[in-house]
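Commentary on secondary and tertiary structure
Residue strings, one per chain:
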Amino acid sequence: MEKTLQSKTSFYGYQERDIDAIFEEIATTSKSRLLYQLPTGGGKTVVFSEIARRFIEQFNKTVVILTHRKELCTQTSATLKKTGVENRIISSTSNNFKTDCNCYVAMVETLRNRIKSKKVKVQDVGLVIIDEAHHNSFRKLMGSFKKAFIIGVTATPFSSDVSKPMKKQYKSLITGEDIASLIANGFLAKPQSVAYEVELNTLKTGIHGDYTVSSSNELYSSPAMLDLLLQAYTEKAKGKKTLIFNNGIETSLKVCEAFTAAGIAIKHLDNKTPNQERKEILQWFKRTKNAVLTSVSILTTGFDEPGIRNVILNRATTS
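For the structure given in this document, a descriptive report is provided here.

Moving on, we get to the nonpolar core. Counting residues in hydrophobic clusters, the biggest one holds 30 residues, and the most contacted among them are Ile-22, Tyr-36, Ile-51, Val-63, Leu-127, Ile-129 and Ile-151. Secondary-structure elements contributing two or more residues to this core are helix H1 (13–28), strand S1 (33–37), helix H2 (44–59), strand S2 (62–67), helix H3 (70–83), strand S4 (103–107), strand S5 (125–131) and strand S6 (149–154). Once residues within four sequence positions are removed from consideration, Ile-129 is found in contact with Phe-48, Ile-51, Ala-52, Val-63, Val-64, Ile-65, Leu-66, Ile-151 and Val-153. One finds Tyr-104, Val-125, Val-128 and Tyr-170 within the second-largest nonpolar core, a separate group that totals 24 residues.

Take a look at the structure:
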């Protein structure tokens, strides 16, 4: 018996077009790996949540959504529920596939370990949705779902590793509305961008094609660069909730020290921060007026905090 799941979400015209195009691809193509691109802020999570809902309704098969961050698991699960899709998060301590649930959200390593230990069977999975698909951590799991249709979702359809292009994993590409159109039609705010001249000749390129953390730390932890960052914040962002992205933990900690010494409310967060401390820092950032959060390798994708007014890219990248 097929399930009927009533959507609880309304969609913009461009989102409806993309959803229809994706289902046409599912229905008509033998290519079982599709990459879907939509700019940041365009509503990728809302779109793929509705794809999950319609897929379950039409095919009555299990849907698995993969993320690479704990926070994204929680956000995705909440969006699915708003769309009308009951789901469970597979965490390190709870949940396997069960007969009374058709949708699961999991981090890559957690699900990989469950599959290896044969606690999760993949043969009944009909659709796998990979959020932020440009991250290469997902590659290790794609081969486990030989019978499933796989949809990768990203704002930037370029692999984070230049030696492993995405065309090797995905057979077709659907591109959504572009940034200029989303701004022109009022779906995205028009950003105001400011650039400061920085001499980058000391930066070194690593084997994956981007600047190394060590050379970035050396440059961006220098007193001159910390002074420039404080100047930029004071001139353009002072008194407004601000997120600072860095390439190295050493740099972010130095930024935290410099801003604290200047009397600015700031905290540091990276991917090694313990779970409880991470949760407390994010709660502090949300409730504290004019707070500044300096971070590394986290909050770069899918992070949702409407109070942020300024983003500072305190790093250089080749991408």
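Turning our eyes to something else, we now look at the packing of H1 against H2. Helix-helix packing: each pair is described by the crossing angle between the helix axes and the interaxial distance. Relative orientation of the contacting elements H1 and H2 amounts to 40°, with a least axis distance of 10 Å. In this view, H1 runs oblique relative to H2, as classed from their interaxial angle. The handedness of the crossing between H1 and H2 is right-handed. For the pair H1 and H2, contact is made by Gln-15, Glu-16, Ile-19, Asp-20, Ile-22, Phe-23 and Ile-26 and by Val-47, Glu-50, Ile-51, Arg-54, Phe-55, Gln-58 and Phe-59, respectively. Among the residues forming the contact of H1 with H2, the class breakdown is 8 nonpolar, 2 polar and 4 charged.

This paragraph deals with the packing of helix H7 (residues 213–220) against helix H9 (residues 249–261). H9 packs onto H7 with a crossing angle of 20° between their chain directions and a minimal axis gap of 8 Å. The pairing of H7 with H9 is recorded here as roughly parallel in orientation. Relative to H9, the crossing made by H7 is left-handed. Taking contact as the criterion, the partners of Ser-216, Asn-217 and Tyr-220 in H7 are, on H9, Ile-249, Glu-250 and Thr-251.

Our next topic: the pairing of strand S10 (residues 292–296). Extensive coverage of S10 is indicated by the burial of 5 of its 5 residues. Residue alternation in S10 divides its side chains into two sets, Val-292, Thr-294 and Val-296 and Leu-293 and Ser-295, and both sets are buried. Bridging between strand S8 (residues 242–246) and S10 involves 5 bridges; their strand directions are parallel. If you follow Leu-243 over to S10, its bridge partner there is Leu-293. Chirality of the crossover, the property in question, places the unit of strand S9 (residues 266–270), helix H10 (residues 275–287) and S10 among those that are right-handed.

Where helix H4 (residues 108–116) is concerned, the buried positions are Val-108, Thr-110, Leu-111, Arg-114 and Ile-115. Relative to the axis of H4, the buried residues are bounded by an arc of 165° and lie together on one face. Taken together, the buried residues of H4 touch S2, strand S3 (88–90), S4 and helix H5 (139–142). Backbone geometry just after H4 places Lys-118 at a positive phi near 60°.

A few words on the side chain of Asn-87. Considering the arrangement of structural elements, one finds Asn-87 in the loop between H3 and S3. There is a polar contact of 3.0 Å between the side chain of Asn-87 and the backbone oxygen of Val-85. Ignoring anything within four residues of it in the chain, the contact list for Asn-87 reads Ser-77, Leu-80, Lys-81, Cys-101, Cys-103 and Val-105.

How each quantity is defined
- Residues numbered from 1 in each chain as written.
- Predicted model: local features only at pLDDT ≥ 70, side-chain atom pairs only at ≥ 80, totals over all residues.
- Heavy atoms only, no water.
- Core = buried A, V, L, I, M, F, W, Y, C linked by side-chain atoms within 4.5 Å.
- Buried < 20%, exposed > 50% of the residue type's maximum accessible area, 1.4 Å probe, protein only.
- Helix = DSSP H or I, 4+ residues; strand = E, 2+ residues; numbered from the N terminus.
- Contact = heavy atoms within 4.5 Å.
- Axes fitted to C-alpha atoms, helices over the stretch in contact; angles between N-to-C directions.
- Parallel < 35°, antiparallel > 145°, perpendicular 65-115°, else oblique.
- Left-handed = near helix turned anticlockwise from the far one by under 90°.
- Nonpolar A, V, L, I, M, F, W, Y, C, P; charged D, E, K, R; others polar.
- Pairing = 2+ DSSP bridges.
- Right-handed = clockwise from strand over helix to strand, strands pointing away.
- Arc of directions from axis to C-beta.
- Polar contact = N/O pair within 3.5 Å; in protein donor to acceptor, adjacent residues only side chain to side chain.

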